[in-house]
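A structural walkthrough
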Amino acid sequence: MWASSTANALKLSSSVSKSHLSPAFSISRCFSTVLEGLKYANSHEWVKHEGSVATIGITDHAQGHLGEVVFVELPEENGSVSKEKSFGAVESVKATSEILSPISGEVIEVNKKLTDSPGLINSSPYEDGWMIKVKPSSLAELESLMGPKEYTKFCEEEDAAH
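Cut-offs applied
Residues numbered from 1 in each chain as written. Predicted model: local features only at pLDDT ≥ 70, side-chain atom pairs only at ≥ 80, totals over all residues. Heavy atoms only, no water. Pairing = 2+ DSSP bridges. Helix = DSSP H or I, 4+ residues; strand = E, 2+ residues; numbered from the N terminus. Axes fitted to C-alpha atoms, helices over the stretch in contact; angles between N-to-C directions. Phe/Tyr/Trp six-rings, centres within 6.5 Å; stacked < 30°, edge-to-face > 60°. Buried < 20%, exposed > 50% of the residue type's maximum accessible area, 1.4 Å probe, protein only.

Some remarks on the sheet that holds strand β10 (residues 96-100)
If you walk across this open sheet you meet the 3 strands as β7-β9-β10, and the pairing is antiparallel. Each edge of the open sheet is held by one strand with a lone partner, namely β7 (69-73) and β10. If you compare each strand with its neighbour and ignore which way they point, the axes differ by 25° on average. Inspection of the sheet shows strand β9 (residues 86-92) paired to β10 by 5 bridges, in the antiparallel sense. Opposite Ser86, over in β10, you have Leu100 as the bridge partner.

Written out as C-alpha cells, the structure reads:
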C-alpha cells in the first residue's frame, strides 16, 4: 500500500505530445504537474516563451488548490499587462483569486474558450487552459522566473508551511 501511494505521489511520465505546449517529459509531485520548458512565478502562473510570444496560464498546482473553476475574467486584447500586477481573476467553487502577470507586455491574444469552458483550467492547465498570449516587453523579466526544479521545490516548501 505504501509503495503504491508513494509511486502515485511522485511520478515521472513520458508521453507523446499533441500540443506545442507539452514537452515529452513532465514531473508530477503530490499530484501536481510541473512541465519542463516553462518558467514559473511564485504566484503560480506559468510562461511558455516561443519567439516573440509568451503564453501565460496558471499552474496545475494552483488549479488544484482552487478546485473546480467556474468563471474566468481576462483582459482585452491589445491591452497591456505589468509584472506582478493583476490581469484578471479565476472564480472557483472555493474562492475568487486574482491572476498576476509574471511578465510585462502587450496582450496579443486571449483564450476565448475559457468564457464558455472555464473548467479547461482544471482539465488542461498547460494546454487548452492557457489564458493570454503576450508580446513581452522585457526578456530580463522572463529570465527572473523559476525553472521547473525551482518551482517544484517552492511548491513543496509552501505546502509544508501550510
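Moving on from the model shown.
Focus: the sheet that holds strand β11 (residues 105-110)
Within a sheet, neighbouring strands are paired by backbone hydrogen bonds and run either parallel or antiparallel to one another. The sheet built from 6 strands is open, its strands ordered β4-β5-β6-β12-β11-β8 with antiparallel pairing. Unpaired on one side and paired on the other, β4 (39-40) and β8 (80-81) mark the two borders of the sheet. Sheet topology places β8 next to β11; 2 bridges connect them, and they run antiparallel. The residue bridging Val81 from the neighbouring strand is Gly105, located in β11.

Comments concerning the packing of aromatic side chains
As enumerated under the stated definition, the model contains 3 aromatic pairs in all. Taking 5.8 Å as the distance between ring centres and 55° as the angle between the ring planes, the aromatic pair formed by Trp46 and Tyr126 counts as tilted. Residue Trp46 is found in strand β5 (residues 45-50), and its partner Tyr126 is found in the loop between α4 (120-123) and β12 (132-136); the two are separated by 80 residues along the sequence. For Trp46, a relative accessible area of 0% gives the class buried. Residue classification places Tyr126 among the buried positions, given a relative accessible area of 6%. On the numbers, 6.4 Å between centres and 25° between planes, the contact of Tyr151 with Phe154 is stacked. Here Tyr151 and its partner Phe154 are both found in helix α6 (residues 148-161), 3 residues apart, which amounts to about one turn of the helix. Residue Tyr151 is classed as buried on the basis of its relative accessible area, which comes to 0%.

Note that every value here comes from positions in space, so none of it alone points to a role or purpose.
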